[in-house]
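Analysis of the macromolecular model
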Amino acid sequence: MVADPRLYPDRPYLGVSVAVWRNDEVLLVQRGRPPNAGLWSFPGGGVKTGERLEEAARREVREETGLDIAISRRIDCAEIIARDADGRVERHYVVIVFAGRPLAGALRAGDDAAAARFVPPAESAQLDLTRDTRRILAAGNPLVDTPAKRTPAREAGTR
């Protein structure tokens, strides 16, 4: 058996995830494998060599949920560093987070997801979320254009 190179790595690993919004609900998956088995998060995973970030994000969502999506924009960058009891870096990921919306497909848990479902943000508070998923959801739906989220450049273009 080959050792997992992501365990006690000599460098960070690049990943992607997507907050897929359908109306007022967000797509969450329950992780089926370590390191976050049982926790709920946005679908996502590792970027393959030669794969563009948005391609990886669409592939990972399709593999984990059966859905084809449209990427709207990047919304966050999460740094995940887990240390063992001795303080050694056990895992290190840099995850680029996108916002998107579903286009087609039938929702199902696939790949390494134990479950997949759309959840209203208020209901997500009842789930055992990863820290970064909870933090990003607290900011609200990035696809909704509210006065607090408008930038001067966006306002200048609307008359």
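Going by the structure above, here's the rest.
Residues numbered from 1 in each chain as written. Predicted model: local features only at pLDDT ≥ 70, side-chain atom pairs only at ≥ 80, totals over all residues. Heavy atoms only, no water.

Here we come to the nonpolar core. Judged by nonpolar contacts, the single largest core of 16 residues is most densely connected at Val-26, Leu-28, Phe-42, Leu-127, Leu-129 and Leu-137. Sorting the residues of this core by element identifies strand 1 (13–22), strand 2 (25–31), strand 6 (89–105) and helix 3 (131–138) as the ones contributing at least two each. Those residues in contact with Leu-137 that lie beyond four places of it in its chain are Trp-21, Val-26, Phe-42, Ser-124 and Leu-129. Judged by nonpolar contacts, the second largest core, of 13 residues, contains Ile-71, Ile-96, Phe-98 and Phe-118. (Core = buried A, V, L, I, M, F, W, Y, C linked by side-chain atoms within 4.5 Å. Buried < 20%, exposed > 50% of the residue type's maximum accessible area, 1.4 Å probe, protein only. Helix = DSSP H or I, 4+ residues; strand = E, 2+ residues; numbered from the N terminus. Contact = heavy atoms within 4.5 Å.)

The next thing to look at is helix 3. For helix 3, every residue scored as buried is listed here: Asp-132, Thr-133, Ile-136 and Leu-137. Taken down its axis, helix 3 places every buried residue within 130 degrees of arc, on the same side. Of the exposed residues in helix 3, those oriented more than 90 degrees away from the buried face are Arg-131 and Ala-138. Looking at the packing, one finds that the buried side of helix 3 touches strand 1, strand 2, strand 3 (40–41), strand 5 (67–83), strand 6 and helix 2 (121–124). (Arc of directions from axis to C-beta.)

This part covers the side chain of Ser-124. Within the fold, Ser-124 resides in helix 2. Every residue in contact with Ser-124, bar those within four places of it in the chain, is listed here: Leu-28, Val-119, Leu-129, Arg-134 and Leu-137.

This brings us to unusual backbone geometry. Backbone geometry places Tyr-8, a non-glycine residue, at a positive phi of 55 degrees. Along the chain, Tyr-8 turns up in the segment before strand 1. Take Tyr-8: its relative accessible area is 32%, and that puts it in the partly exposed class. Positive phi outside glycine occurs at Asn-23, with the angle close to 55 degrees. With respect to the helices and strands, Asn-23 occurs in the loop between strand 1 and strand 2. Residue classification places Asn-23 among the exposed positions, given a relative accessible area of 68%.

Using the criterion set out here, one finds zero aromatic pairs in the structure. In this structure, Arg-11 packs its charged tip against the face of Tyr-13, placed 4.0 Å from the ring centre. Seen from the ring of Trp-40, Arg-117 lies directly overhead, with NZ or CZ sitting 5.1 Å from the centre. (Phe/Tyr/Trp six-rings, centres within 6.5 Å; stacked < 30°, edge-to-face > 60°. Lys NZ or Arg CZ within 6 Å of the ring centre and 35° of its normal.)

Here the focus is the pairing of strand 1. Across the 10 residues of strand 1, eight count as buried, placing the element largely inside the fold. Sheet topology places strand 1 next to strand 6; eight bridges connect them, and they run parallel. The partner of Gly-15 across the bridge, within strand 6, is Val-95. Relative to strand 2, strand 1 is paired through two bridges, and the arrangement is antiparallel. Its bridge partner being in strand 2, Trp-21 is matched across the sheet by Val-26. (Pairing = 2+ DSSP bridges.)

Turning to the pattern of salt bridges, a few remarks are in order. A side chain of one charge can pair with a side chain of the opposite charge when the charged atoms of the two come close. In this structure the tally under the stated criterion is 14 salt bridges. The partner of Arg-59 in a salt bridge is Glu-51, with the nearest N and O atoms 2.7 Å apart. Looking at Arg-59, the relative accessible area reads 11%, which means it is buried. Among the ionic pairs, Glu-63 bridges to Arg-59, the shortest N-O distance being 3.3 Å. Pair noted here: Glu-63 and Arg-59 are both in helix 1 (residues 53–65), with a separation of four residues, about one helical turn. Through salt bridges with shared partners, a single network forms among Glu-51, Arg-59, Glu-60 and Glu-63. (Salt bridge = Lys/Arg side-chain N within 4 Å of Asp/Glu carboxyl O.)

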